[in-house]
Amino acid sequence: ILLLITGIIFSIVHGACFPILAVVFGQMTNAFIHEAVRLHNSSIDLANHERKLLFTDTATPLTDALYLPGTNIGGLSYSTQVHNRSSEPAGDDTQFTSYLAQYSYNYLYIGGLVLVAAFIQTLCWELSCERQVYKLRIKAFTQILRQDITWYDTRQQRNLTNILSDDIERIREGIGCKFSMVVQYTSTFVFGTMVGIMVNWHLTAVLLIVTPLLIGGS
């Protein structure tokens, strides 16, 4: 019983980790998207700044710009001043790196928890299953030996072997890893729904509406 309770607890923990991993992965993806947008906007601002430095109006020239006489392009004068990129502010590179480090650590911690939970889950369920199967085989063999001689005449020897091997093996598969997977996936669904409601309940409501259709179609 202790192994079953422990296996159920860690099956629930194992299933609950996947929605949290999805949230962390989504936050990391958002960080990359925001950084890409920031770099794109920074490049546009830098290009506009360089254009203002390189192409200035001849009627009102910049005091710190050097001009080449007779160099006019579309009414604009080409400046020989070179823009120095090092004078630009560093932006959010340090903040972006710290975000990625934090997300990576969170992913690592949750991944380690998943590894430990999956190991303990499998260990507990398999140990409990093997013990129960061993007791079933002992009881089945004991009951076979207690039967009358006429009972053996109506059954083939191969059927008796199947009772002790194949039939009990089907029971082992049912009460072993498959049942633990049912608990794990149920936990994933429940915690995933809870996390989805906390993050974006509108999208979660839409998914819950179409979930019966997806289940029916599958």
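Parameters and conventions
Per chain, the residues get numbers from 1 upward, laid out in the order the sequence is written. Note on the predicted model: pLDDT of at least 70 is required for a residue's local features to be given, and 80 or more for side-chain atom pairs to be given and counted; whole-chain, interface and lining totals, by contrast, use all residues. Excluding hydrogens and water, the side-chain figures rest on all heavy atoms present in the structure. Counting from the N terminus, the helices are DSSP H or I runs at least four residues long and the strands are E runs at least two residues long. Burial status follows relative accessibility: with a 1.4 Å probe on protein chains alone, a residue under 20% of its type maximum counts as buried, one over 50% as exposed, and anything between as partly exposed. Throughout, a contact is declared for two residues whenever any of their heavy atoms are within 4.5 Å. Per-residue and other accessible areas were derived by the Shrake-Rupley procedure at a 1.4 Å probe size, with only the shown protein chains allowed to occlude residues. Pairing of aromatic rings covers Phe, Tyr and Trp, the last counted by its six-membered ring, and requires centre-to-centre distances within 6.5 Å; plane angles under 30 degrees mean stacked, over 60 mean edge-to-face, and any other angle means tilted. UniProt positions are given in the numbering used here, feature names are shortened, and annotations may be inferred rather than shown by experiment. Expected span of a helix, by definition, is 1.5 Å for each gap between consecutive residues, and there is one gap fewer than residues. What the bend at a residue measures is the angle between two axes, fitted to the seven residues ending there and to the seven starting there. Whenever two N or O atoms come within 3.5 Å, that pair is a polar contact, provided that in protein one can donate a hydrogen and the other can accept it, and provided that, for residues adjacent in sequence, both atoms are side-chain atoms.

Caption draft 1: Structural view of the overall build of the chain. Along the chain, the regular secondary structure elements total six helices and three strands. When each of the 218 residues of the chain is scored for burial, the buried share is 21%. Counting only contacts in the chain whose residues sit at least 6 apart along the sequence, the fraction spanning at least 24 positions is 72%. As displayed, the chain offers around 15500 Å² of accessible surface, 67% of which is attributable to carbon and sulfur atoms.

Caption draft 2: Summary view of the packing of aromatic side chains. Taken as a whole and assessed by the stated rule, the structure comprises three aromatic pairs. Look at Y105 and Y109: their rings are 6.4 Å apart centre to centre, the planes differ by 15 degrees, and that puts the pair in the stacked class. Note that Y105 and Y109 are positioned in helix α2 (residues 93–145) at a spacing of four residues, about one turn of the helix.

Caption draft 3: Seen up close, the environment of T29. Along the chain, T29 turns up in helix α1 (residues 2–54). Between the alpha carbons of T29 and L100 there is a distance of 9.8 Å; along the sequence they are 71 residues apart.

Caption draft 4: Spatial organisation of the UniProt feature "transmembrane region" (unreviewed entry) in the chain. Mapped onto the present numbering, the UniProt feature "transmembrane region" (unreviewed entry) falls at residues 107–127 and 188–215. End C-alpha atoms of residues 107–127 are separated by 30 Å, and the span's content is 100% helix alongside 0% strand. For residues 188–215, the helix share is 96%, the strand share is 0%, and the end-to-end C-alpha distance is 16 Å.

Caption draft 5: Inspection of helix α6 (residues 201–217) at higher detail. In this model α6 runs 24 Å from its N-terminal to its C-terminal C-alpha over 17 residues, within 8% of the 24 Å that 1.5 Å per residue would give. By the largest-angle criterion, V210 marks the main kink of α6, which is about 35 degrees, and a proline, P212, follows within four residues. With one of 17 residues buried, α6 lies mostly on the surface of the structure. Where α6 begins, the capping side chain belongs to N200, and its oxygen is found 3.3 Å from the backbone nitrogen of H202.

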